[in-house]
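Chain by chain, the residues run as shown.
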Amino acid sequence: MLYLANASDLTSIADAIREKGGTSEALEFPDGFVDAIEDIPTGGGSSEDINGLIDRTISGTYRNSTVTSVGNYAFKDCTALQEVDFPACTTIEDHAFYNCTALQEVDFPACTTIGDYAFNNCTALKNCDISNVTTINQYTFQDCTNLSNLSTGTLTTLGTNAFRNCISLSNVDLSSVTNIGNSAFENTSVGKIEAPNATTVGTYTGKGGRTSTIDLTKLTS
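Below is a short write-up of the structure. All values reported here derive from a predicted model rather than from experimental measurement.

**Digging into the side chain of D85**
Then, number 1: Here D85 shows up in strand 3 (residues 81–85).
Then, number 2: On the accessibility criterion, D85 (18% relative accessible area) is buried.
Then, number 3: Residues contacting D85, with those up to four places away along its chain left out, are Y62, R63, N64 and D107.

**Some details on the sheet that holds strand 2 (residues 69–70)**
Backbone hydrogen bonds hold the strands of a sheet together, and the pairing may be parallel or antiparallel.
Then, number 1: Taken together, seven strands build an open sheet; the order of strands is 2-4-6-8-10-11-13 and the sheet is parallel. Looking at which strands have only one partner, the edges of the open sheet turn out to be strand 2 and strand 13 (200–201).

**Regarding the sheet that holds strand 3**
Then, number 1: Here we have five strands laid out as an open sheet, ordered 1-3-5-7-9, and parallel in their pairing. Two strands in the sheet have a free side with no partner beyond their single neighbour: strand 1 (60–63) and strand 9 (149–151). Averaged over all adjacent pairs, the angle separating strand axes in this sheet is 10 degrees, with direction ignored.

**Description of the packing of aromatic side chains**
Then, number 1: Going through the model one piece at a time under the given rule, you end up with 13 aromatic pairs.
Then, number 2: With a centroid separation of 5.3 Å and an interplanar angle of 5 degrees, the aromatic rings of F119 and F141 are classed as stacked. Residue F119 is found in the loop between strand 6 (113–114) and strand 7 (127–129), and its partner F141 is found in the loop between strand 8 (135–136) and strand 9; the two are separated by 22 residues along the sequence.
Then, number 3: Taking relative accessible area as the criterion, F119 reaches 0% and is therefore assigned buried.
Then, number 4: Look at F141 and you get buried, because its relative accessible area is 0%.
Then, number 5: Chaining the aromatic ring pairs together yields one cluster made of Y62, F75, F86, F97, F108, F119, F141, F163 and F185.

**Digging into the environment of T113**
Then, number 1: Relative to the helices and strands, T113 is located in strand 6.
Then, number 2: The spacing of T113 and L155 is 42 residues in sequence and 9.6 Å in space, taken between C-alpha atoms.
Then, number 3: Not counting the four nearest positions on each side in its chain, T113 is found in contact with T90, T91, I92, T135 and N137.

**Examining the pairing of strand 3**
Then, number 1: In this structure, strand 1 lies alongside strand 3, joined through four bridges in parallel fashion. What sits directly across from R63, in strand 3, is D85.
Then, number 2: Of the pairings in the sheet, the one linking strand 3 to strand 5 (residues 105–107) comprises three bridges and is parallel in character. Across the sheet, the residue bridging to D85 is D107, located in strand 5.

**Description of the side chain of N99**
Then, number 1: You can see N99 is positioned in the loop between strand 4 (91–92) and strand 5.
Then, number 2: Polar contacts involving the side chain of N99 include one to the side chain of N121, which spans 2.7 Å.
Then, number 3: Beyond its immediate chain neighbours, meaning those up to four positions away, N99 contacts D77, T79, N120, N121 and C122.

Cut-offs and rules
Throughout this document, residue positions are counted from 1 along each chain, in the order its sequence is written. Restriction of local features to residues with pLDDT of at least 70 applies here, the model being predicted, together with a cutoff of 80 or more for giving and counting side-chain atom pairs; totals for whole chains, interfaces and linings are based on all residues. Where side-chain values are given, they derive from all heavy atoms of the structure, hydrogens and water being excluded. Only runs of H or I of at least four residues qualify as helices and only runs of E of at least two qualify as strands under DSSP, and these elements are numbered from the N terminus. Only protein chains enter the calculation, and the probe is 1.4 Å; a residue is then buried if its accessible area is under 20% of its type maximum, exposed if over 50%, and partly exposed in between. The contact criterion used is simple: two residues touch if any of their non-hydrogen atoms lie within 4.5 Å. At least two DSSP bridges between two strands are required for those strands to pair. Interaxial angles span 0 to 180 degrees and are taken between N-to-C directions of axes, which are lines fitted to C-alpha atoms, for helices over the stretch in contact. Two rings from Phe, Tyr or Trp (for Trp, the six-membered ring) form a pair when their centres sit within 6.5 Å of each other. Planes less than 30 degrees apart are called stacked, planes more than 60 degrees apart edge-to-face, and all others tilted. For the purposes of these results, a polar contact is taken to be a pair of N or O atoms within 3.5 Å, where, inside protein, one atom must be able to donate a hydrogen and its partner to accept one; residues adjacent in sequence count only when each atom of the pair is a side-chain atom.

Right, here's the structure in full:
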């Protein structure tokens with residue numbers, strides 16, 4: 001039997017364990033519960049990593065070469081986390097790093113999809129390697145006010161508000177992009193938006209920003 005739970009359930013379970021001090025009368029675990037918990041961060045991770053994720057105190061640099069997917073809310077509010085490196089990760093799900101306000105650098109060279117709000121409000125984020133990502137969903141990098149270096153190249157879709165309020169972002173490769181959502185670059189510092197293959201662009205794409213040149217030669221709507 002494998003015990004599965006969402007982030008809220010796991011936090012409640014962890015709080016109950018701490019409150020009862022792990023005594024013999026505290027809790028009875030279902031078969032496989034401990035192994036399931038141990039598998040969460042790394043596929044065999046340490047108790048330090050587990051506690052850090054549960055308490056949201058994981059800090060410094062976090063590297064893992066085996067994780068292939070970062071789940072919903074996985075690192076949300078880990079406000080002491082500064083750098084992450086997941087070379088094998090292919091999917092970052094919704095709110096995965098939401099409000100990681102000390103996060104400065106992320107490296108996901110194999111990732112193809114980033115979910116809603118994944119890096120939203122990561123206000124210290126400067127460097128981001130997502131060179132194989134094809135889809136950035138809505139609000140993904142909104143309010144990443146220090147984001148300046150973004151390695152892309154295979155992007156086809158940008159969701160609504162994807163880079164809204166990224167006031168330090170000056171350049172992003174949109175050469176493969178075909179769809180740009182509403183307000184994707186609203187209030188950014190991107191001076192030139194070149195998306196020669198875009199066929200769909202939403203409203204307020206560059207509203208309030210510093211966009212001076214837009215190349216949308218294939219635009220149909």
